[in-house]
Amino acid sequence: MWLTRAHSLRFRLIGLGLLINLLIVGMISLVTLDAVHEVARNDLGKQLGTLDRQASAALTRPAAEHDLNTLYWQVEHFSHYPDVVYLAVRDRDGRVLAGGGWAPGKLAPEPDRVDRFWLFAPRDQVFHHRLELQVGGQTVGEVVYGLSMADARDALSRAMGWCALVGLFSVVTLFGLQWLLGAWLMRPLRRLGRAARAIADGQYDVTMPEPGHDEIGQLTDHFQHMRDALRQQIGEIQSQKNMLHAIADYAYAWELWINPAGKLFWTSTASERVIGYTREECMAMPSVLETIAHDEDRARLRHALDHAIEARTSGQGFEFRACHQRGHWLWLTVNWHPIYNTLGGYQGCRLSVMDSSESKHNQLALDKAFADLQALQQLSEVHLRQAERERARLKALFSALSIGMVFTDRTHRIIYANPMFSRLLSLPAPDALLGEDLSQLTPALFVMPEHSVHGEEEAPRNELKLDDKRVLAFQHIDVHDDEHGSLWIFEDVTAERATAEQLIFLAERDTLTGVYNRRRFDTELERMVKRADRREQPMALVIFDLNDFKIINDSHGHAAGDQVLIDIARTVNKTVRQNEVFCRLGGDEFAVLMPEASAYDASMLSRRIEQQVTALDFEFDGVKRRVSASLGIAVYPSHANDAQTLVAAADAAMYQAKKQDKRGCWVVFDSSMKLDASQLLHTHDYPNQPQRLEPTVFADTGHDDAQPSMIDELFG
């Protein structure tokens, strides 16, 4: 029966199906292994390309300059790169400059080739690679490194295992699962292949197979990560390239980089716009500027460039004639600046070249026009010479003036401007301003009310404040009538305004101590009294002088007395608040004006002043000295009905404090105190008081008999 079945059509179909299934599984397995191997090769090639670009960008300059610190740092950075087994940088003589995972004295193995690399080869699981570092077409060294192939071989081994398992499963499930096996195994690989081709063409949004947990799924996942990383890196590179392209190639001027050896290192594409030569043609020239320069200007240009490179100085406005690629001559203006890297190393000079042919031709045309005019006026040569002399005198006069002058027509177009006008308003040279609209250059002039005059009237002076804090005074004068335009005169009065402010400062400050003087005291006193009336708020005045100051002044001289006054003024000035006015009235007498303050507030301030003055130690000629303060307090309007009476009240309280305690105290004015007529600035009548009451005295000098609690008892 078995033989019968063996020869039956069903058995033969099953056997044939098994054979075909085995052949298909074998072919699928071979194709899968080949695809996996090809993907691994492509991955290896891309990984090598990425590493080569990064290593060339990061290690070429340090290797060329033998910058070992940068090399060590960069090698350490690459040592952390995934799958990098070792990395070494050697100069062109074969000496190792820096290495990671590299044994000293070790010989570099022969580099492998990606197209001949076979994962089943019996060699070690490291792919050896060598990269030459070149600068300007010259080899400055090489980088050797090895990449681990263990992961790729493991992936391939797992793929082979899956192929065998799929083959066994296909044999068991026969024909029904063959189609499913092909769809499950081959379709993701075909999609990966299409995705790889699309990514190679720059299409990073191609649809990828869903990642799974098998080898193909892992390969898909790795492929997606590789695609995302590649897209991000290429995007960053493209962004940097676009930024550099926008900065360098779309600048107004033609930019060049001359290295310290005087050779052209880099140039922008603006060369084609300026001189007609492409960037590649400029780089191929030994010295592009000297090549295109006129024979008469070449030596002068060479000398200027050599001096700029050697002296490392900036320069601008150098002009020379150059030959355009089409054969015509043009004028170029060069500005240069030294450039340095992030470590401060000198990198050469940056040159900015602009076409100044138009302005130069205008100047030459103007000179030719003058020459033609002289030729046509030979019959009146004497008058012409006189006119030229007058013109020269006027131009020299206007150029030498310390005031700015500008003539405009009736539409405010500039007809003439002298150099001082350009300097005062920080505008271009006068020649560049001809024909410009003055209302557009300085619109602030026309915002102010019209103050122009006609004929011989004296024009009023207005002021214009600039952004740099300078102040310009200007006058606007109509010339004859509206058809002939206007004359504008400008003068820098910043120094005059500063001098006036300084004079005001000196007029209000005491020359010795720097605090406000008696003049400012009188002004602030009147102002605060009026303010107190207006707001119906009290204000206080504290006047004090120094005890034992005359002893220091007589025993140790006026210099010692001046030092005491300076130290006390500095100390008290730190004590008073910002809205309070501290003044020196003369000699050793001081005053403090306190807006919106009561007797209690003035007593608190007096207490602080008395304590700080008493705490100061002085030493002159080996002798230690101390002074104390006697303070008088008066409050407006409680103690006086005007400013002069308030001063007299505070002065009377101060003298009462001086009588009470020479060691320092303060007294609040009491109505029982009789004001002396000499203490008033103006004569006042006061009623006779048959009885004198004792004033309120406060002392806090650190003595045993002082009672600081009296303040709390009085003002609670």
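Our structure is the block above this text.
Residues numbered from 1 in each chain as written. Predicted model: local features only at pLDDT ≥ 70, side-chain atom pairs only at ≥ 80, totals over all residues. Heavy atoms only, no water.

1. Comments concerning the pattern of salt bridges
Step number 1: Using the criterion set out here, one finds 26 salt bridges in the structure.
Step number 2: The residue E65 makes a salt bridge to R61 at a minimum N-O spacing of 3.1 Å. Placement of both E65 and R61 in helix α2 (residues 9-65) is noted, with a separation of four residues, approximately one turn of the helix.
Step number 3: Given the relative accessible area of 37%, R61 is considered partly exposed.
Step number 4: Of the charged contacts in the structure, one is a salt bridge between R531 and E596, with a shortest N-O distance of 3.7 Å. Note that R531 is positioned in helix α17 (residues 518-535) and E596 in the loop between β17 (589-594) and α20 (599-615), a separation of 65 residues in sequence.
Step number 5: Residue R531 is classed as partly exposed on the basis of its relative accessible area of 23%.
Step number 6: On the basis of relative accessibility, which here comes to 40%, the residue E596 falls in the partly exposed class.
Step number 7: Here the salt bridges share partners, and the residues they tie into one network are E296, D297, R300 and R321. (Salt bridge = Lys/Arg side-chain N within 4 Å of Asp/Glu carboxyl O. Helix = DSSP H or I, 4+ residues; strand = E, 2+ residues; numbered from the N terminus. Buried < 20%, exposed > 50% of the residue type's maximum accessible area, 1.4 Å probe, protein only.)

2. Things to note about the nonpolar core
Step number 1: Counting 34 residues, the largest nonpolar core has F544, V564, I568 and F582 as its most contacted members.
Step number 2: Counting residues per element, the ones that place at least two in this core are β15 (539-547), α18 (549-556), α19 (558-575), β17, α20, β18 (618-620), β20 (628-636) and β21 (665-668).
Step number 3: Each residue touching V564, except ones within four places of it in the same chain, is listed here: L546, F549, I552, F618, F620 and V627.
Step number 4: Among the nonpolar cores identified, the runner-up in size contains 30 residues, and L525, A532, A643 and F669 belong to it. (Core = buried A, V, L, I, M, F, W, Y, C linked by side-chain atoms within 4.5 Å. Contact = heavy atoms within 4.5 Å.)

3. Focus: the sheet that holds strand β13 (residues 471-478)
Step number 1: Overall, antiparallel pairing links the five strands, which are arranged β11-β10-β14-β13-β12 in an open sheet. Both outer strands of the open sheet, β11 (414-417) and β12 (462-465), are each paired with one neighbouring strand and no more. Neighbouring strand axes in the sheet, compared pairwise and without regard to direction, differ in orientation by 25 degrees on average.
Step number 2: Pairing between strand β10 (residues 404-408) and β11: three bridges, direction antiparallel. (Pairing = 2+ DSSP bridges. Axes fitted to C-alpha atoms, helices over the stretch in contact; angles between N-to-C directions.)

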